Amino acid sequence: MELSVVEDTAIVTSIGLPNPVTAAEADGAVLEITGGASLAGQVTISGAKNSALVVMAGTLLCSQPCRIRNIPNLMDIARMGEVLTALGVKLKREGDALTVDASTIAHTKAPYDVVSRLRASFFVIGPLLARMGVARIPLPGGCAIGARPVELHVRGLQAMGADVHIEHGTVHAYVPGSGGRLKGAKIYLDYPSVGATETLMMAATLADGETIIENAAQEPEVADLANFCRAMGARIRGAGTNTITIVGVPSLHSTDYGIIPDRIEAGTFLVAGAMTRSEISIAPIIPEHLTAVIAKLHEIGGQVVVDGPSRVRYVPSHRISPTDIQTGPFPGFPTDMQAQFMALMAVCEGSSLITETVFENRLRHVAELNRMGADIRLNGNCAIIKGVHQLSGAPVLATDLRASAALVLAGLAAKGTTTIQGLHHLDRGYDDLEGKLRLLGANLRRYHDGAPVPV
């Protein structure tokens, strides 16, 4: 596939991504929700945030321009664009398509101010090291939901022959020798980390020889990245299973690739249907990516009807039954849906137990839900939820990305008005959540400094 070289200067605003001031504006903004409205209609699901971010990083492997379609319009995407720009990559956005020209990589050090706000930007270490033989990446940031250490990334790169050390908060990595090429290796991950699996898989695409990653993450986003790399000519098999084999190739070529739909956004809208007792249709989706979420929705009494290969419909029940949930790596119940289901369990008829096993600090939304009248007690990493008849509107604060979505869902079902602060979290990971909810009939509006934000 041929793509023209991008001439635009690759500042974030020039590629049609959110303006860098958006995050600061969101900090001072308030989302006001008047609960009780019934929802109806169809939602269009955007491209998967967690796929788009790592695929953007993966374009560094290719010395020719690549076009990525179905890119969501998110603050995290803008920040990844800033990281690539700082490395000398040229970007151009047209609608939901992003053309990335990494033919010239001018720098191998990522900027601290962006990496510290976006954990996914650490993913550039694998492709940079594979292609350039050197990378300097600050330790990552993002939501304060747990430690999420980078040791698995580092040990895997070291197994492939890289010299890696951490100094003054920056990971320094280089490939010794004149060739500057990583070597294939057999790597066992102590935990099936999505980030480590993706980093090492990208690094292995250009390595000399065969790399086998055992106990690999099986998330759909890992398979999506593998499919993108294969579309560029990489030799990868087993992605989506716990053992991935990569045979390195000398170089990769240009491609045009579409990102999978966002399974977490889809799950969030299904829960919106359950919480408001509303029938909602969502598309496009890949139903197999939602197996655990759909199973739990069936347990509570709702129905998820498959209307086609990429469309499902939530049909509500009059009663929400309790259920127990334990988060875990895919195909287990996703940690990114834990907060939304906690909001749902808060209005069920009975008691539920949610156990968070992936991140140790991902239950801070409990206090905010309790502020709205929920009855939730914490015991370590477990939340004991006693369902109440109805939540009440209240001023609340979003504590992380998925917590912000849970509070929006709670506000939709609550009696009265809910005001949510900390909207920079919401803008990191949901593409026009407010606009999509308004199309379904929700009554919500964003305000900044007391003035309504134009819709």
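In this numbering scheme, every chain counts its residues from 1 along its sequence in written order. Side-chain atom pairs in this predicted model are given and counted only at pLDDT of 80 or more, local residue features only at pLDDT of at least 70, and totals for whole chains, interfaces and linings cover all residues. Note that the side-chain values use all heavy atoms of the structure and ignore hydrogens as well as water.

## Some remarks on the overall build of the protein chain
For the protein chain, the helix and strand inventory stands at 15 helices and 24 strands. As defined in this context, the radius of gyration uses C-alpha atoms, and a globule is described by 2.2 Å times the residue total to the power 0.38. A globule of 455 residues ought to have a C-alpha radius of gyration of about 23 Å, and the protein chain, at 22 Å, matches this closely. Projected onto its principal axes, the C-alpha positions of the protein chain cover 70 × 45 × 45 Å. Only protein chains enter the accessibility calculation, which uses a 1.4 Å probe; a residue is then buried when its area is under 20% of its type maximum, exposed when over 50%, and partly exposed in between. Within the protein chain, the fraction of its 455 residues that count as buried is 58%. Pairs at least 24 apart in sequence give 74% of the contacts found in the protein chain among residues at least 6 apart. Here the open area of atoms and residues is found with the Shrake-Rupley method and a 1.4 Å probe, where only the protein chains shown may cover a residue. Of the roughly 16,800 Å² of accessible surface on the protein chain, 50% is carried by carbon and sulfur atoms. In this tally, Asp and Glu contribute negative charge and Lys and Arg positive charge; neither His nor the terminal groups of the chain are included. For the purpose of locating charges, the reference atoms are NZ of Lys, CZ of Arg, CG of Asp and CD of Glu. Looking at charge distribution, the protein chain has the averaged site of its 38 positive side-chain charges lying 1 Å from that of its 43 negative ones. Under the scheme used here, helices are H or I runs from DSSP no shorter than 4 residues and strands are E runs no shorter than 2 residues, and both carry numbers assigned from the N terminus. Note on contacts: a residue pair is in contact if any heavy atoms of the two residues lie within 4.5 Å.

## So, the sheet that holds strand β13 (residues 256-258)
Sheets are built from strands that pair by backbone hydrogen bonding, the pairs being arranged parallel or antiparallel. When DSSP finds two or more bridges between a pair of strands, those strands are recorded as paired. In space, the 4 strands of this open sheet follow the order β4-β5-β3-β13, with mixed pairing throughout. The open sheet has two edge strands with one neighbour each: β4 (90-94) and β13. Taken over all neighbouring pairs, the strand axes of this sheet differ in orientation by 20° on average, direction set aside. Bridging between β4 and strand β5 (residues 97-101) involves 5 bridges; their strand directions are antiparallel. Across the sheet, Leu 91 pairs through a bridge with Val 100, a residue of β5. Where helices are involved, their axes are fitted lines through C-alpha atoms of the stretch in contact, as for all axes, and angles between N-to-C directions lie from 0 to 180°.

## What about unusual backbone geometry?
Ala 283 connects to Pro 284 through a cis peptide bond whose omega is -5°. Put simply, Phe 330 and Pro 331 share a cis peptide bond, and its omega is 15°. By the secondary structure assignment, Pro 331 is in the loop between β17 (324-326) and α11 (338-345). Phi is positive for Asn 70, which is not a glycine, with a value near 65°. Summarising the element assignment, Asn 70 is placed in the loop between β3 (66-69) and α3 (75-86). Its relative accessible area of 22% is what places Asn 70 among the partly exposed residues.

## Points about the pattern of salt bridges
The rule for a salt bridge is simple: a side-chain nitrogen of Lys or Arg has to be within 4 Å of a carboxyl oxygen of Asp or Glu. Within this structure, the stated rule accounts for 18 salt bridges. With a shortest N-O distance of 2.5 Å, Asp 256 and Arg 69 are connected by a salt bridge. Residue Asp 256 is located in strand β13, and its partner Arg 69 is located in strand β3; the two are separated by 187 residues in the primary sequence. Judged by relative accessible area, which is 33%, Arg 69 ranks as partly exposed.

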